[in-house]
Amino acid sequence: MRVPALALLLAALTSACGGGLLKKEYEYEEELYLSLDGSAQLNVNASVASLVALRGADLAVDPRARVDRADVRALFDAPGVEVSTPTFSRRDGRRFVHVRLDVADLRRLSSVTPLSWSTYRFERQGDTFEYRQVVGPSAGKAVESIGWTGDELVAFRMHLPSKVDYHNAPSRRTERGNILEWEQPLAARLKGETLELEVRMEPETILYTTLLLFGATIVAAVMTFAAVIFWVARRGRDPEMAELRP
């Protein structure tokens, strides 16, 4: 019985991965949470080796070497950017860095040294908001052998505040209503192949739309309930009126 149970578990995990329940693992990832007022939160999750190779960071790629939090923080520091305390993890024998950046103006991200390969534009055009990001060449810095197999991926993910009308994500799908993802092989990113992200979205936030729909549903329910009460009361009065007639 153990073998079939294990097979079922593996099948469930495979299905979960395919359905997006389990997040993919990337060698370098930028995950952007955007607001309609232009403010943003960006999470960078990257191996130290990728920061060195892609962004030219002066960090030790040896997984046994100590990486100073102050050095990582300084790497992402820039005017108008709030940097969280970096954290670290290990995967596939490599050390990974995790940093959160908060900005009141999305365009400030271009002043962050590791993010300077991107230009950002976010503005309203008529009845839609348009977002455009162009990721340019990498530093292309050589690193010593750190166990890359050639299958590593880079990702740029976006969590958007409102319904998406158009996007050019290669997957052609929107996850859970407002999450988009652009993937690129690490090898292509190392070569500096340009990546363009384009999105058009509605001017109302998903929360606003949800609350509006919820409010409309409540109003409709109240009106229906009032109509039922009126109907019941009216039916009760009709016999009484009939008895009072001469």
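Before any of the text, the structure's been laid out above.
Analysis parameters
- Each residue is numbered by its place in its chain's sequence as written, counting from 1.
- The predicted origin of the model limits local features to residues at a pLDDT of at least 70 and limits the giving and counting of side-chain atom pairs to 80 or more, whereas totals for whole chains, interfaces and linings rest on all residues.
- Note: side-chain values were computed over all heavy atoms of the structure, leaving out hydrogens and water.
- Nine residue types can take part in a nonpolar core, namely buried Ala, Val, Leu, Ile, Met, Phe, Trp, Tyr and Cys, and a core is a set of them joined through side-chain atoms within 4.5 Å.
- For each residue, the accessible area found with a 1.4 Å probe, counting protein chains only, is set against the maximum for its type, and the residue is called buried under 20%, exposed over 50%, and partly exposed in between.
- Helix and strand labels come from DSSP, where a helix needs a run of H or I of at least four residues and a strand needs a run of E of at least two; each type is numbered from the N terminus.
- Contacts were defined at the residue level, with two residues in contact if any of their heavy atoms lie within 4.5 Å.
- Aromatic contacts are taken between Phe, Tyr and Trp rings whose centres are within 6.5 Å, Trp giving its six-membered ring; a plane angle under 30 degrees counts as stacked, one over 60 as edge-to-face, and the others as tilted.
- Two strands qualify as a pair provided DSSP detects at least 2 bridges between them.
- Angles run from 0 to 180 degrees between N-to-C directions of axes, and those axes are lines fitted to C-alpha atoms, restricted for helices to the stretch in contact.

A. Inspection of the nonpolar core at higher detail. Counting residues in hydrophobic clusters, the biggest one holds 51 residues, and the most contacted among them are Phe76, Leu101 and Tyr131. In terms of residues, this core owes the most to one element, helix 2 (residues 48–55), which gives five residues. The contact partners of Tyr131, leaving out residues within four places of it in the chain, are Leu32, Leu34, Leu106, Tyr120, Arg121, Phe122, Met158, Leu197, Glu198, Val199 and Met201.

B. Main features of the packing of aromatic side chains. Taken as a whole and judged by the stated rule, the model has five aromatic pairs. Between Tyr28 and Trp117, the aromatic rings sit 5.5 Å apart at their centres with planes inclined by 80°, giving edge-to-face as the arrangement. Of this pair, Tyr28 sits in strand 1 (residues 28–34) while Trp117 sits in the loop between strand 5 (94–103) and strand 6 (118–125), placing them 89 residues apart in sequence. Of the residues examined, Trp117 reaches a relative accessible area of 6% and is grouped as buried. Ring plane angle 20° and centroid distance 5.3 Å describe the contact between Phe122 and Phe129, whose orientation is recorded as stacked. For the pair shown, Phe122 and Phe129 are each scored as buried. In textbook terms, an aromatic cluster arises when at least three aromatic residues are bridged by ring pairs, as seen for Tyr28, Trp117 and Phe156.

C. Just the sheet that holds strand 7 (residues 128–135), in detail. The strand order across the open sheet formed by four strands is 6-7-11-9, and the pairing between neighbours is antiparallel. Edge strands, defined here as strands with exactly one partner in the open sheet, are strand 6 and strand 9 (162–167). Taking each pair of neighbouring strands and ignoring which way they run, the sheet shows an average axis angle of 20°. Strand direction decides the pairing type here: strand 7 and strand 11 (residues 195–205), joined by seven bridges, are antiparallel. The partner of Val134 across the bridge, within strand 11, is Glu196.

D. Inspection of helix 2 at higher detail. Within helix 2, eight of the eight residues are buried, leaving the element largely enclosed by the surrounding structure. By the burial criterion, the buried members of helix 2 are Val48, Ala49, Ser50, Leu51, Val52, Ala53, Leu54 and Arg55. Elements that come into contact with the buried residues of helix 2 comprise strand 1, strand 2 (40–47), helix 3 (69–76), strand 5, strand 8 (153–159) and helix 4 (186–191). Following helix 2 by one or two positions, Gly56 has its phi on the positive side, about 70°.

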